[in-house]
Amino acid sequence: MTTTVPATDTDTAQVELAIGGMTCASCAARIEKKLNRMDGVTATVNYATEKAKVEYGEGVSVDDLVATVEKTGYTAAPPPPPSAGAPAEAAPEQDETRPLRDRLLASIALSVPVIALAMVPAWQFEYWQWLSLTLAAPVVVWGAWPFHKAAFTNARHGAATMDTLISVGTIAAFLWSLWALFFGTAGEPGMTHPFELTISRTDGAGNIYLEAAAGVTTFILAGRYFEARSKRRAGAALKALLELGAKEVTVIRGGGTETRIPVSELAVGDRFLVRPGEKIATDGTVVEGASAVDASMLTGESVPVEVGPGDAVTGATLNAGGRLVVEATRVGADTQLARMAKLVEDAQNGKAAAQRLADRISAVFVPVVIALALGTLGFWLGNGSGLTAAFTAAVAVLIIACPCALGLATPTALMVGTGRGAQLGILIKGPEVLENTRRADTVVLDKTGTVTTGKMTLLAVHTAEGTDEAEALRLAGALEHASEHPIAQAVAAGAADKVGALPAPEDFANVPGLGVQGVVEGHAVLVGREQLLAEWVIELPAGLAAAKREAEAEGRTAIAVAWDGEARAVLEVADAIKDTSAEAIRRLRALGLTPILLTGDNKAVAEAVARQAGIDEADVIAEVLPEDKVEVVKRLQSEGRTVAMVGDGVNDAAALAQADLGLAMGTGTDAAIEAGDLTLVRGDLRAAADAIRLSRRTLGTIKANLVWAFGYNVAALPLAAAGLLNPMLAGAAMAFSSVSVVANSLRLRRFKAAE
């Protein structure tokens, strides 16, 4: 289960700091290490999102945390003061990738001639090497300045990061070239040398490495730029989610005066107007009007939902029909939209176990690589291979080893996966959830509100010979419409759907425990239990009595209808199974999960629902008290099963928390949603199968990224140390590794819910 870090002190607080100056996963590891060394501080730093999630206790302030980060050589900023809603005028967003793009474009323009001259001996005119120096110098000094600056800052704090590798490698290649040009023979007129972009040992004929210094800088700048742009795109789903809400709202104050105000000024209890075509400003309850609400942008559900007085509506959904007056029940950070965004952001800031291992490796990787480069240099010098060959191998080791891909493997996949999930109405609370989706082999389904609709519905009408079904529904529905009983309301709603407007009863009386009686269109009507009819000496004919017995055997409620002294119909009412539940069960089975139906209802009802949904009778657990649901989950776990639980009610919260994987229906209670690992915004069980598929796909992407990143370094380092890898080829391969990891993660954007 995903849980927050338990507080060890009543004064424990949490803050999320924006971190600046990080250039690789090693930077994040260093900041995290420094923060965690503080007393009472637990921190997680994410390189991809550039944020630090910190829990701190008494005696530590946010200023202390910021100061620690700054002493480590980076910047930190506390979050801005919270606002109740979206600002009326948002400042135009700046493209943080633009400076990097400008540096990249200039470096490309200068590097291409340098590389071309080095690659094609026929183009090497008399003083070509000096032109190469003139073009390469700005690239190595100005183009690579972010790497040099970061390396210097880290060196001041006694640390070495991946920027250290890049800076040392390019400067070494450039300084070697300067030495060869000014003090060696490389500067002589007419000097030429071949260039081979192959895996082979350098013979020392190439005395200058300007093309390697400029080319490596450009390749790595390109990798950094595409990483930055991809991370920006990966977070687009969260940004879009935050921008869904309305910006202004028309509130009704005093004597019905309509006033237009920013959503940020809306308070709980305010009544506001929603005209056709407008977005609902915040979560609330309809107090006037009826309409169809389009929630597709929030839930992915394409069919508009009919709402009327007393129905709950969600902020950011679209009023597709009539005029509504809504009373605000949640505003600002408490709304479903804000909570969705927070869940997505929390998940993107988390780290899976595999990524924590990658971070630890990155933290020690850099000094090991520098030592390996020095060892490579010493080995080849001692082996009599010459300074040029030894230097070439050492520079290639420095460049090829940059493990940027390790730092991006998990965060980019998480960002894209959770962002895509949010678009589909699937909220993943944290990276630890992903591993549990892979292991789960059993899914426990709460019946009411999960497999079924959660409300009573008129399912069937049986009429006596000679009785018109429409007339039976009209008379029974008219009388039941006057009652507030849930079963009566189900009959009235079902009747209205089938026959249209219902007449008003001329007389009405409620008979406690038995039903209702009255006069409708001149007929004396009875609707209720069979005992109610018996009191009027009315018996059910054989056909209706058989229909009543069959309905009760299926766990449904049978309602007798009589008028003018004769029993005319039997109505079946029950909590109907959702239209999509049977398909959802098939999809869950296809994912290797065994579905189990768990309910407090009687066995007959549970088995009837199970038959319709396609759940085996042996996998039905009925008549379970709410507090005993968690014991059922524990029992299944004791049998060696990894249990996923899907529920929506307060009575499901403990079981959701106990389960290895909790999936909360977003149409359910807050307690259930908070206890779950995955939240399904739509009240559609098929979303559970989609959520597990998406989670497993995201986990698979993370593992593929890590295998690629680790395998790349393991395979490439020996080649570089053996002197078989040209430094520029090493730089291109290193940049390609990072871009490949990000590109692989972006494939998750194409994930689609099953049709």
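Nothing here was measured: the structure is a model prediction, and the numbers come from that model.

Enquirer: How do you make sense of the nonpolar core when you look at a structure like this?
Expert: For soluble globular proteins, the rule of thumb is that nonpolar side chains tend to be buried together. If you look at the biggest cluster of nonpolar residues, it comprises 47 residues, and the most contacted ones within it are Leu-445, Val-451, Leu-597, Val-646, Leu-663 and Leu-685. With 9 residues, the single largest contributor to this core is helix 25 (residues 686-721). Counting contributing residues, this core receives three or more from each of domain 2 (98-234 + 350-413 + 702-748) and domain 4 (431-451 + 578-676). Ignoring any residue separated from it by four or fewer positions in sequence, one finds Leu-685 in contact with Leu-445, Thr-450, Val-451, Thr-580, Ser-581, Ala-584, Ile-585, Val-646 and Met-665.

Enquirer: Please clarify how the UniProt feature "transmembrane region" (unreviewed entry) in the protein should be interpreted in this entry.
Expert: When the UniProt feature table is mapped onto this chain numbering, "transmembrane region" (unreviewed entry) sits at residues 104-121, 127-145, 165-186, 206-226, 361-381, 387-410, 702-722 and 728-746. End C-alpha to end C-alpha, residues 104-121 measures 26 Å, and it is 89% helix and 0% strand. Along residues 165-186, the helical share is 86% and the strand share 0%, with 26 Å between the first and last C-alpha atoms.

Enquirer: Help me out: how do you make sense of the sheet that holds strand 8 (residues 284-288) in this one?
Expert: Within a sheet, neighbouring strands are paired by backbone hydrogen bonds and run either parallel or antiparallel to one another. Spatial ordering of the open sheet is given by 6-5-7-13-8-11, a layout of 6 strands whose pairing is antiparallel. Bordering the open sheet on either side are strand 6 (257-262) and strand 11 (312-313), each of which pairs with just one other strand. When strand 5 (residues 248-253) meets strand 6, the two strands line up antiparallel, connected through 6 bridges. Following the sheet pairing, Thr-250 is matched in strand 6 by Arg-260.

Enquirer: Looking at this model, I keep getting lost on helix 25. Mind explaining?
Expert: Since one α-helical turn is 3.6 residues long, residues separated by three or four positions face the same way. The first and last C-alpha atoms of helix 25 sit 53 Å apart over 36 residues, in line with the 52 Å expected at 1.5 Å per residue. Positive backbone phi, approximately 75 degrees, marks Gly-723, located one or two places after helix 25.

Enquirer: Could you clarify how one ought to interpret the environment of Leu-445 in this entry?
Expert: Inspection of the secondary structure puts Leu-445 in strand 15 (residues 442-446). For Leu-445, a relative accessible area of 0% translates into the label buried. Along the primary structure Leu-445 and Thr-599 are separated by 154 residues, whereas in three dimensions their C-alpha atoms are 8.4 Å apart. Contacts of Leu-445, omitting those with residues within four sequence positions, involve Val-451, Ile-585, Leu-588, Pro-595, Ile-596, Leu-597, Leu-598, Ile-615, Val-646 and Leu-685.

Enquirer: So what exactly am I meant to see when it comes to the pattern of salt bridges here?
Expert: Under the definition given, this model contains 24 salt bridges. What you see here is one network of salt bridges that share partners, running through Glu-248, Glu-258, Arg-260, Arg-275, Glu-278 and Arg-323.

Enquirer: Would you take a moment to explain the confidence of the model for the protein for this structure?
Expert: One rule of thumb: low pLDDT means the predicted coordinates there are not for detailed reading. In this model, the protein carries a mean pLDDT of 80, and residues with pLDDT of at least 70 account for 81%. Every residue in residues 82-92 scores below 50 in pLDDT, and together they form 8 contacts with partners more than four places removed in sequence or on other chains. The model gives residues 202-206 a pLDDT under 50, and that stretch makes 9 contacts with residues more than four places away or in other chains.

Enquirer: Got a minute to help me understand unusual backbone geometry in this structure?
Expert: Peptide bonds are, in most cases, trans, and in most cases residues other than glycine have a negative phi. Backbone geometry at Glu-521 places phi at a positive 50 degrees, although glycine is not the residue there. Mapped onto the elements, Glu-521 comes out in the loop between strand 18 (515-520) and strand 19 (523-528). We classify Glu-521 as partly exposed; its relative accessible area is 39%.

Enquirer: Can you walk me through the packing of aromatic side chains in this structure?
Expert: Going through the model one piece at a time under the given rule, you end up with 2 aromatic pairs. Taking the centre distance of 5.3 Å and the plane angle of 75 degrees together, the rings of Trp-130 and Phe-182 count as edge-to-face. Of the two residues, Trp-130 is situated in helix 4 (residues 128-143) and Phe-182 in helix 6 (residues 162-183); the sequence distance between them amounts to 52 residues. Residue class for Phe-182 comes out exposed when judged on its relative accessible area of 51%. Between Phe-379 and Trp-380, the ring centres sit 5.2 Å apart and the planes meet at 75 degrees, which makes this aromatic pair edge-to-face. When the ring centre of Trp-142 is taken as origin, the NZ or CZ atom of Arg-103, which lies over that ring, is 4.8 Å away.

Enquirer: What is the right way to look at the sheet that holds strand 25 (residues 661-665) in this model?
Expert: Sheet architecture is open: 7 strands sit in the order 14-26-25-24-15-22-23, paired in mixed fashion. The open sheet has two edge strands with one neighbour each: strand 14 (426-428) and strand 23 (620-621). In this sheet, strand 25 lies alongside strand 24 (residues 643-647) in parallel orientation, the contact comprising 4 bridges. Residue pairing for strand 25: Ala-644 is matched across the bridge by Leu-661.

Enquirer: What is the right way to read the side chain of Thr-335 from this model?
Expert: Its location among the elements puts Thr-335 in the loop between strand 13 (324-328) and helix 10 (336-349). For Thr-335, a relative accessible area of 8% translates into the label buried. Side-chain polar atoms of Thr-335 contact the backbone oxygen of Gly-332, separated by 3.0 Å. In this view, Thr-335 contacts Thr-282, Asp-283 and Arg-330; residues no more than four positions away in its chain are not counted.

Enquirer: Where do I start with the pairing of strand 9 (residues 291-294) in this structure?
Expert: Taken residue by residue, a regular strand's side chains alternate between the two faces of the sheet. Burial of the side chains of strand 9 extends over both faces: Ser-291 and Val-293 are buried on one face and Ala-292 and Asp-294 on the other. For strand 9 and strand 10 (residues 305-307), the ladder comprises 3 bridges, and the chain directions are antiparallel. By the bridge assignment, Ala-292 is partnered in strand 10 with Glu-306. Alignment of strand 9 against strand 12 (residues 318-319), held across 2 bridges, turns out to be antiparallel.

Enquirer: I would appreciate a short explanation of the packing of helix 3 (residues 98-119) against helix 4 in the present structure.
Expert: Each pair of packed helices can be summarised by the angle the axes make with each other and by the distance between the axes. One can describe the packing of helix 3 onto helix 4 by two numbers: an axis separation of 9 Å at closest approach and a directional angle of 155 degrees. The angle between helix 3 and helix 4 places the two elements in the roughly antiparallel class. Handedness of the crossing formed by helix 3 with helix 4: left-handed. Contacts between helix 3 and helix 4 pair Asp-102, Arg-103, Ala-106, Ser-107, Leu-110, Ser-111, Pro-113, Val-114, Leu-117 and Ala-118 from the former with Trp-128, Leu-131, Ser-132, Leu-135, Ala-136, Pro-138, Val-139, Trp-142 and Gly-143 from the latter.

Cut-offs used in this document
- Residues numbered from 1 in each chain as written.
- Predicted model: local features only at pLDDT ≥ 70, side-chain atom pairs only at ≥ 80, totals over all residues.
- Heavy atoms only, no water.
- Core = buried A, V, L, I, M, F, W, Y, C linked by side-chain atoms within 4.5 Å.
- Buried < 20%, exposed > 50% of the residue type's maximum accessible area, 1.4 Å probe, protein only.
- Helix = DSSP H or I, 4+ residues; strand = E, 2+ residues; numbered from the N terminus.
- Domains from an automatic or database assignment.
- Contact = heavy atoms within 4.5 Å.
- UniProt positions renumbered as here; feature names shortened; annotations may be inferred.
- Pairing = 2+ DSSP bridges.
- Expected span 1.5 Å × (residues − 1).
- Salt bridge = Lys/Arg side-chain N within 4 Å of Asp/Glu carboxyl O.
- pLDDT = per-residue confidence, 0-100.
- Phe/Tyr/Trp six-rings, centres within 6.5 Å; stacked < 30°, edge-to-face > 60°.
- Lys NZ or Arg CZ within 6 Å of the ring centre and 35° of its normal.
- Polar contact = N/O pair within 3.5 Å; in protein donor to acceptor, adjacent residues only side chain to side chain.
- Axes fitted to C-alpha atoms, helices over the stretch in contact; angles between N-to-C directions.
- Parallel < 35°, antiparallel > 145°, perpendicular 65-115°, else oblique.
- Left-handed = near helix turned anticlockwise from the far one by under 90°.

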